[in-house]
2 protein chains.
Amino acid sequence: MVSAVRDLTLRHGKRLRPALVAVGLRAVDARAGVRPAVEVGAALELLHTYLLIHDDWMDDDAVRRGGPTVHVLLTRHFRNEHLGHASAILAGDYALSLATETLAKLRVPDERLRRLFVCFSEMHGHAVLGQELDISGTSPGPEAAYVLKTASYSVRGPLRLGALLGGARPATLRALDRFATPVGVAFQLRDDLLSAFGNPRDTGKPLGGDLRSGKRTPLVLQASRRARGRDRATLARVLGNSRATDAEVRRALDVIRRTGAKEVVEARIDTLVDRGLSALGPAISREGRELLTGAALALTARER
Amino acid sequence: MVSAVRDLTLRHGKRLRPALVAVGLRAVDARAGVRPAVEVGAALELLHTYLLIHDDWMDDDAVRRGGPTVHVLLTRHFRNEHLGHASAILAGDYALSLATETLAKLRVPDERLRRLFVCFSEMHGHAVLGQELDISGTSPGPEAAYVLKTASYSVRGPLRLGALLGGARPATLRALDRFATPVGVAFQLRDDLLSAFGNPRDTGKPLGGDLRSGKRTPLVLQASRRARGRDRATLARVLGNSRATDAEVRRALDVIRRTGAKEVVEARIDTLVDRGLSALGPAISREGRELLTGAALALTARER
């Protein structure tokens, strides 16, 4: 179980959240040493391991970062599905305990540690609530779960942790928040586009995973609303159908392209990124603004 | 999902861990106000909610604290087993995020908070590793999982958190550890006896739950080793048989009584409690020793 935690954590990941901690720190203090950001980044990667393990089990996904998911790995190891799945939940729980321990042992002044833990627990809570909205289909709107699960957990939280490491003032923290939330939602919309149209070799995710699992992403909702006649049937055949063939998935992706849903989502990404960038007011230095602009583009214009 | 967390947390529980935080604090500082111990205790009750929810799902238990377990409750709510179980895992995760937040907002000096978080993450990790040993049957000995899952998590950790709140010196912390580990194992052995022979109305647990789920407790291991002939068959019929009738369970419990396994476990509890009490040396005040002696008896001589 512990090996499975190590393997998934060290498997090739994007390490976006640690990078954002460093960006948050440097946006506040351009000459800060990056060492504490690396340590907080390690805690966030362990937190992320935990969430990935639990999410993959909930979504019944078999592949993560180009390798088997932890519940698949442990089911194989124990030759027992119940024990494999229970051990996977524990593997996630264990990764989280290591994340907390890593943060508790961080070499920063004690009064900063408290604020880091408040932010860390909020990120954790938001990610969990967002996932519950996601799986239960009770989200009040298609982007509400994204605000919690991605914007807060993946972008706002890491930037804020970095800014807290740098001793940011309240006005700076507020400006970062106004930047991070729209950029974070845009990041998730990019992820949806990549899950659908990206190269599985680059993304490490199986072709059409979101379609087969029936995720109602804004991309899919737009396409479903716009498709007519045979196209509508082609799409419906694949949505939530875990046994759809690759050929059927490719035809459904063609339908999504033809409806123009891709362009709608691309336009929404642009709007959100613009909104985020315009929030970067005078509370943040010129170097800070440059760094954050680069981060916004890296998050929303990537190919994997 | 959030209601389920609240309901289980507020349902009648023993609140042993918060009580032990208060004991740890008062053992170090006889005149300390109990308020910070109450707040740490609230964090521990939320941590406990999390562990109970995940454990109950793993063990497929239907009843907890005299009411439905969270995965049973949420399966009924969503009328969907997969969603009910996934939401239960998230309910546990959410309770843990609240535990971390509660601790992060604790009104104690910042430098104490760091040490509290190191202890808290260790308790969490030990509980998870103990549970994995438990379910996978890979424990190196019958009491090894108890040292992690019960002694560290339920007794040593809470006492240590209380002592840290009181600003305990290293020698005091070491004495508390030497006291807490054997008493914690004895606490779990008492729990095993109560699960088997206690009144379900007092314990809130169903008759013969451990037997039906096939838990290899030291009590069961002793009885299996000692039973002969028909008794052996009577016992084997119930162990790990979730469909065993109440009458079959009662006959198996009679067998356990006849083998003398109950007395062996009672004697082991006495030995462990004696070992714990003899560790309470001069590093702890007379009032502190009295409090801890009372706690050891409350933990190991209880009836529910």
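Numbers given for residues are sequential positions, taken from 1 along each chain in its written order. Ligands are numbered from 1 and chains lettered from A, in the order in which they are written. Whole-chain, interface and lining totals are the exception, using all residues; otherwise, since this is a predicted model, local features are given only for residues with pLDDT of at least 70 and side-chain atom pairs are given and counted only at 80 or more.

J.: Looking at this structure, how should I read the overall build of chain A?
T.: Strands are runs of DSSP state E lasting at least 2 residues, helices are runs of H or I lasting at least 4, and numbering of each runs from the N terminus. Counting its regular elements, chain A contains 15 helices and two strands. For a compact globule the rule gives 2.2 Å times the number of residues to the power 0.38, and the radius of gyration it is set against comes from C-alpha atoms. Rg of the C-alpha trace for chain A: 20 Å, near the compact-globule value of 19 Å for 304 residues, within the 12% margin. Think of it as a crowd count around each C-beta: if 20 or more other C-beta atoms lie within 10 Å the residue is buried, if 12 or fewer it is exposed, and in between it is partly exposed, with C-beta placed from the backbone throughout. Sorting the 304 residues of chain A into buried and exposed places 51% on the buried side. The contact criterion used here is simple: two residues whose C-beta atoms, placed from the backbone, lie within 7 Å are in contact. Contacts spanning at least 24 positions in sequence make up 73% of the contacts within chain A whose residues lie at least 6 apart.

J.: Help me out: how do you make sense of the relation of the copies chain B and chain A in this one?
T.: Note that the two copies of the chain are related through a rotation about an axis and a translation along the same axis. We superpose the copies by least squares over the C-alpha atoms of residues that have a pLDDT of at least 70 in both of them. Least-squares fitting of chain B to chain A yields an RMSD of 0.0 Å, with the transformation described by 0.0 Å of translation along the axis and a rotation of 180 degrees. Classification of the inter-copy transformation places it as that of a two-fold axis. Identified as the residue of chain B closest to the rotation axis by C-alpha distance is Asp 110 of chain B, at 2.7 Å. The residues that chain B uses at the interface reappear at the interface of chain A in 100% of cases, marking a shared surface.

J.: Would you mind showing me how to read the nonpolar core here?
T.: Nonpolar side chains in soluble globular proteins generally cluster together in the buried interior. In this structure, Ala 91, Ala 95 and Val 183 of chain A together with Ala 91, Ala 95 and Val 183 of chain B are the most contacted members of the largest nonpolar core, which totals 194 residues. Where each domain starts and ends comes from a domain assignment, either automatic or drawn from a database. Split by domain, the residues of this core number at least three in each of domain 1 (1-168) and domain 2 (169-304) of chain B. The term nonpolar core refers to a group of buried residues, namely Ala, Val, Leu, Ile, Met, Phe, Trp, Tyr and Cys, whose C-beta atoms join them within 7 Å.

J.: Before we go on, may I ask you to explain the interface of chain B and chain A in this structure?
T.: When the parts of a complex come together, some accessible area is lost, and that lost area is often taken as the interface size. Taken together, the contact between chain B and chain A spans 33 residues of the former and 33 residues of the latter. Mapped onto the side of chain B that touches chain A, the elements with two or more residues apiece are α3 (35-59), α5 (81-104) and α6 (110-136) of chain B. It is α6 of chain B that provides the largest number of residues to the side of chain B that touches chain A, a total of 16 residues. Ten residue types, Ala, Val, Leu, Ile, Met, Phe, Trp, Tyr, Cys and Pro, are classed as nonpolar, four, Asp, Glu, Lys and Arg, as charged, and the remainder, Gly among them, as polar. Split by residue class, the side of chain B that touches chain A holds 16 nonpolar, nine polar and eight charged.

J.: What exactly am I supposed to notice about the packing of helix α6 (residues 110-136) of chain A against helix α7 (residues 144-165) of chain A here?
T.: Helix-helix packing is characterised by the crossing angle of the two axes and by the distance between the axes. Residue and element names in this part refer to chain A. What counts as an axis is a line fitted to C-alpha atoms, over the stretch in contact for a helix, and the angles between N-to-C directions run from 0 to 180 degrees. One way to put it is that α6 packs onto α7 with a least axis distance of 7 Å and a crossing angle of 170 degrees. The angle between α6 and α7 places the two elements in the roughly antiparallel class. Considering the relative orientation of α6 and α7, their crossing is left-handed. Of the residues in α7, those in contact with Arg 112, Arg 115, Leu 116, Cys 119, Met 123, His 126, Ala 127, Leu 129, Gly 130, Gln 131, Leu 133 and Asp 134 of α6 are Ala 144, Ala 145, Leu 148, Lys 149, Ser 152, Tyr 153, Gly 157, Arg 160, Leu 161, Leu 164 and Leu 165. Residue classes in the contact of α6 with α7 are distributed as 13 nonpolar, five polar and five charged. Comment on the angle field: the value is read as roughly parallel under 35 degrees, roughly antiparallel over 145, roughly perpendicular from 65 to 115, and oblique elsewhere. Left-handed is the label given to a crossing in which the near helix is rotated counterclockwise from the far helix by less than a right angle, and right-handed is the label when the rotation is clockwise.

J.: Is there a simple way to think about the packing of helix α1 (residues 2-10) of chain A against helix α5 (residues 81-104) of chain A in this case?
T.: All names here are of chain A. For the pair α1 and α5, interaxial distance at closest approach is 9 Å and the crossing angle is 70 degrees. Of the possible angle classes, the one that applies to α1 and α5 is roughly perpendicular. Between α1 and α5 the crossing geometry is right-handed. Note on element contacts: α5 touches α1 through Ala 91, Tyr 94 and Ala 95, opposite Val 2, Ala 4, Val 5 and Thr 9. Tallied by class, residues from the contact of α1 with α5 come to six nonpolar, one polar and no charged.

J.: What's the story with helix α15 (residues 286-300) of chain A in this structure? I'm lost.
T.: Helical periodicity: at 3.6 residues per turn, an α-helix aligns residues three or four positions apart in one direction. Residues and elements named next belong to chain A. An expected span of 1.5 Å times one less than the residue number is assigned to each helix. Over its 15 residues, α15 extends 21 Å from the first C-alpha to the last, a length consistent with the 21 Å expected when each residue adds 1.5 Å. Buried residues of α15: Gly 288, Leu 292, Ala 295, Ala 296, Leu 299 and Thr 300, and no others. Relative to the axis of α15, the buried residues are bounded by an arc of 110 degrees and lie together on one face. For α15, the exposed residues lying more than 90 degrees away from the buried face are Arg 286 and Gly 294. Taken from the helix axis, the directions to the C-beta atoms give the arc we talk about.

J.: I would appreciate a short explanation of unusual backbone geometry in the present structure.
T.: In terms of backbone geometry, most residues other than glycine have negative phi values and most peptide bonds are trans. In this model, Arg 15 of chain A sits at a positive phi of 55 degrees, which is unusual for a non-glycine residue. The topology assignment puts Arg 15 of chain A in the loop between α1 and α2 (16-28).

J.: Whenever I open this one, the environment of Gly 260 of chain A confuses me. Can you help?
T.: Structurally, the position occupied by Gly 260 of chain A is in the loop between α13 (246-259) and α14 (261-278). The spacing of Gly 260 of chain A and Ser 136 of chain A is 124 residues in sequence and 28 Å in space, taken between C-alpha atoms.

J.: Got a minute to help me understand the environment of Ser 285 of chain B in this structure?
T.: When you line up the elements, Ser 285 of chain B lands in the loop between α14 (261-278) and α15 (286-300). For the pair Ser 285 of chain B and Ile 89 of chain B, spaced 196 residues apart in sequence, the C-alpha to C-alpha distance is 43 Å.

J.: Please clarify how the environment of Leu 235 of chain A should be interpreted in this entry.
T.: Residues and elements named next belong to chain A. On the secondary structure map, Leu 235 appears in helix α12 (residues 229-238). Leu 235 sits 66 residues away from Ala 301 along the chain, and the two C-alpha atoms are 26 Å apart. Setting aside anything within four residues of it in sequence, one finds Leu 235 in contact with Ala 223, Ser 224, Ala 227, Ala 252 and Val 255.

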